[in-house]
Structure formats: structure tokens, C-alpha cells
Amino acid sequence: MKIEILGTGCAKCKALEEAAKQAVAQSGKFAQIEKVEDIMKIMEYNVMNTPGLVIDGKVVSTGKLLSVAEIVDLIKAS
Amino acid sequence: MWQESVNVLVYEWLKMPREERLSDALNFFIYDTVKILFLLITIIFIVTLLRSYFSTEKVREYLSKKHEYTGNLLAALFGIITPFCSCSAIPLFLGFLQARIPLGVTFSFLISAPLNNEIAIAMLFGIFGWKVTALYIGFGLLVAIVGGIIIGRVGLEKEILIEVKPIEGEIHAETQVIPFKTRLRNAKEYTLDIFRKIWLYVIIGVWVGAFIHGYVPTEFITSVAGADNPFAVPLATLLGVPMYSNAAGVMPLIEVLTSKGMLLGTSLSFMMAITALSLPEAMILKRVMSLKLIAIFFSTVTLGIIGVGYLFNAIL
């Protein structure tokens, strides 16, 4: 599983990366976490509100700092 | 009703003398802080909840099918109701251009959205009431539409530093189904988040306001910011620029200044400059557009805001 955090370096984006790390640990799944800061890559995902969360190439959330529990649910759902 | 309760608290329970500066200032401070904070929470919650039904993706899909002028008008209108954070200004800017939305229309949105941020709207409504809020939104729209049209006319497409690949074919935004309960919860969390960030600024703002209210003579304010000073409008606009994101703290001051003789047009210019022109946003945008374009963007908006101030002072 691959989780990407899309963000150009705002405070919320960093917070989301932290939350994603904790969520992966809690979910017990093996996942690779990557922070995407390149604006062109972010645009390829068609995301206009950062931070965005992408799981296995699919955008699951935009413009919102998700809680750890919410990310755990998203990880389990995909 | 609330004013009476504060009167009872200050004059009877605390036994402070009526008609005295200190007790008046304290009365004003308690009355204003509680009123503003209460309205702030209520309005931000309602605005956030309503906005959760609009997404930038949907707006983009809709705007990509419109031409100039109609597009400028609609982009400015959407700026009022779409959730926007200046930290997303770049992806939004590029995303609009990808969807082949004209540069001027994109700018109409970029001017309107921060102007109509939820904190400014809530503070305006809480302090000045719905009439001034409506004037603010109306004149803000005017600046966004005219500013966008001007920037579109100048032909500045080459000033964009990143090559934007247009999206092929029809642009389609997926509709997310979010249960009402989740929307309520999100709005509540967001409201509390903002509240935690700004409550201190509101209190400081009202406190300084209470001081001005009680101690600074009206004649002084009239001579500096009132009809006696023909340069009050540009002065207020320039003063507003560095105060970005502190709408919460500055609005209570504007209220006091207005009640003490600052003209309403000057106040409107001041408020718009605080919200619409932000140096941090300019720094962010510098990554995708040339300084020339940013300078044109800022000066167009500044002139628009100054124009609104003079126009309003002249009419009233």
C-alpha cells in the first residue's frame, strides 16, 4: 500500500503527514508514506485544495486535516 | 437585553460609578467581547456548514464553460461561498488555468475569495450589522469583477512562470456524498479550531477599542480619519495591508474609529485592504507568477479599494 500526502509545505500538510504515520502504525498494515511537494505532481492528481491524501493512486481527501481515526478508516476501506 | 445585564454587573454588583471613563470602558469591554465572540462562533459555524456544499472542483467545472464577463461575475460570486485558504492559492490558480478558465476570471475568484473569508464576514456582521456587511460584500464583488476584467484585458498570460497543461476534454468533478452528521461535525471542529486561533486577538482588539472609546478625543479621530483629511482613504488602505489575517483583532478598532468620526467609506477601504491584500499570499504566488503580474494584481486591487472608499464617502 502506498500513501501520499499532497501539500506545498503548509502547516496543515505537515500535520496530516504526522497523522498518516500514526494511522499506519495503528492500522497494523504495511504502507509506504510519501510526501509530495512538487506542485506539478499535485496538479496531476487534480487536487486544488491542499492538503490532499492519496491512497494507492486514488485521491481520498482534499483540503482537510483528517484525524488519525479517520485515516485509519480510509486505510481499512481501501 | 445583554447590555442591561452588563449594566447590572458593572454598576450594581461591582458598584462602579456611572458616567465615568473607567466604568464605561469596562462596560463596553465586557459587552463587546461576549457579543462578538458569541456571534463569531455562530456565524462561522453556519457559513462553514453552508460552504461544505460547494467545492472548488465543482466551481471549476462550472466556470470552465463560461466566457469572459459572465465568467468574471460568476467567479466573484463563487468566491463568496466557496471555502478558500490562502495556503491553497497556488494549486487553485493552476487548477483553474488547467481547466482553460481565462486568467482574468481566475483573478476575479482570487480577489473575491479572501475578501469574503468567514472570519471577516462574521466580525463585520457581529460588529456593524447586516447593512454594512452587505455593502462590504457588494463593493468587494465590484472590485473583484472589475479587477479581474482589467487583468484579463492586459494580456499577461506570459507572466505565469509554470507551464500549464490544459486538461483534455470535458472537465468533470466527482460528487462526494457526505452525510449531514459528518458535515455538522466538520463544521463544529473547524469553528472551534478558528476560535482557538483568534479569541485572543478579538479580546486585545476590543480592549484597545475600549481604551480609544474612553480616552481618545473624537476631534483627534475626525481630523485624522474623518472628512477633514482628504487622504484618509489611501492611508487606511495602505495601513490595512500588513494587518492580514488579523481581521479579528482589527475590526473592533474600526468600529470604535467609525463611531468616533471615521467615515464609513474609509472604514470599508480599511477592512477590504486587510482581507484582500496579503503579503504572505503574494509570497506564495511568487512561485508561479512573475513579480510583474503580482505587482499588477496588487495595484489593481489597491486602486479598486481606494476607489470604493472615495466613492462611498462621496455618496453618503
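Everything numeric in this text was worked out from a predicted model, so none of it was measured.

A. Layout of the overall build of chain A. A tally of helices and strands in chain A yields three helices and four strands. The N-to-C order of helical and strand elements in chain A reads β-α-β-α-β-β-α. Taking 2.2 N^0.38 as the reference for a compact globule, 78 residues should give roughly 12 Å; the C-alpha atoms of chain A span a radius of gyration of 11 Å, in line with that estimate. Counting only C-alpha atoms, chain A reaches 30 × 25 × 15 Å along its principal axes. Contacts in chain A between residues far apart in sequence, at least 24 positions, make up 63% of those at least 6 positions apart.

B. Just the overall build of chain B, in detail. A tally of helices and strands in chain B yields 15 helices and zero strands. For a compact globule of 316 residues, the expected C-alpha radius of gyration is about 20 Å, and chain B comes in at 21 Å, within 12% of that figure. Each of the three principal axes of chain B carries a C-alpha extent, and together these read 75 × 50 × 30 Å. Looking at chain B as a whole, 45% of its 316 residues are labelled buried.

C. The arrangement of helix α6 (residues 103-115) of chain B in detail. Between its first and last C-alpha, α6 of chain B extends 19 Å over 13 residues, near the 18 Å set by a 1.5 Å rise per residue. For α6 of chain B, the buried fraction is high: 13 of the 13 residues fall into the buried class.

D. The arrangement of the confidence of the model for chain A in detail. Averaged over all residues, the pLDDT of chain A equals 88, while 100% of them reach at least 70. Mean pLDDT values over the elements of chain A span from 85, in helix α2 (residues 39-44) of chain A, up to 93, in strand β1 (residues 2-6) of chain A.

E. Region of the structure containing the environment of Thr82 of chain B. All names here are of chain B. Residue position: Thr82 is located in the loop between α4 (70-81) and α5 (89-98). On the basis of neighbour count, Thr82 is assigned to the buried category, with 22 C-beta atoms found within 10 Å. Counting along the chain gives 34 residues from Thr82 to Asn116, while the straight-line C-alpha distance between them is 9.3 Å. Excluding residues that lie within four positions of it along the chain, Thr82 makes contacts with Arg51, Phe54, Thr56, Val59 and Ala113.

F. Fine view of the nonpolar core. Of all hydrophobic cores here, the largest spans 101 residues; its most connected members are Ala20 of chain A together with Phe93, Met123, Leu124 and Met271 of chain B. Ignoring any residue separated from it by four or fewer positions in sequence, one finds Ala20 of chain A in contact with Ile3, Ile5, Ile33, Leu53 and Ile71 of chain A.

G. Geometry of the pairing of strand β2 (residues 32-36) of chain A. Residue and element names in this part refer to chain A. As paired elements, β1 and β2 share five bridges and run parallel to each other. When the bridges of β2 are listed, Leu6 appears paired with Val36. Handedness of the crossover is the feature at issue here: the chain leaves β1, passes through helix α1 (residues 11-27), returns alongside β2, and the resulting connection is right-handed.

H. Structural context of the interface of chain A and chain B. Contacts between the two partners involve 11 residues from chain A, matched on the other side by 12 residues from chain B. Sorting elements by how many residues they give to the side of chain A that touches chain B places α2 of chain A first, with three residues. When its residues are assigned to classes, the side of chain A that touches chain B shows six nonpolar, four polar and one charged.

I. Inspection of the packing of helix α11 (residues 232-240) of chain B against helix α15 (residues 291-315) of chain B at higher detail. Residues and elements named next belong to chain B. Running from N to C, α11 and α15 point in directions that differ by 140°, and their axes come no closer than 9 Å. Regarding the angle of α11 to α15, the classification is oblique. Helix-helix and strand crossings are classified by hand; for α11 and α15 the assignment is right-handed. Facing Val233, Pro234 and Thr237 of α11, the residues of α15 in contact are Thr302, Ile305, Ile306, Gly309, Tyr310 and Asn313. Its residues placed into classes, the contact of α11 with α15 shows five nonpolar, four polar and no charged.

About the cut-offs
Residues numbered from 1 in each chain as written. Chains lettered and ligands numbered in written order. Predicted model: local features only at pLDDT ≥ 70, side-chain atom pairs only at ≥ 80, totals over all residues. Helix = DSSP H or I, 4+ residues; strand = E, 2+ residues; numbered from the N terminus. Rg over C-alpha atoms; globule rule 2.2 N^0.38 Å. Contact = placed C-beta atoms within 7 Å. Buried ≥ 20, exposed ≤ 12 C-beta atoms within 10 Å, placed from the backbone. Expected span 1.5 Å × (residues − 1). pLDDT = per-residue confidence, 0-100. Core = buried A, V, L, I, M, F, W, Y, C linked by C-beta atoms within 7 Å. Pairing = 2+ DSSP bridges. Right-handed = clockwise from strand over helix to strand, strands pointing away. Nonpolar A, V, L, I, M, F, W, Y, C, P; charged D, E, K, R; others polar. Axes fitted to C-alpha atoms, helices over the stretch in contact; angles between N-to-C directions. Parallel < 35°, antiparallel > 145°, perpendicular 65-115°, else oblique. Left-handed = near helix turned anticlockwise from the far one by under 90°.

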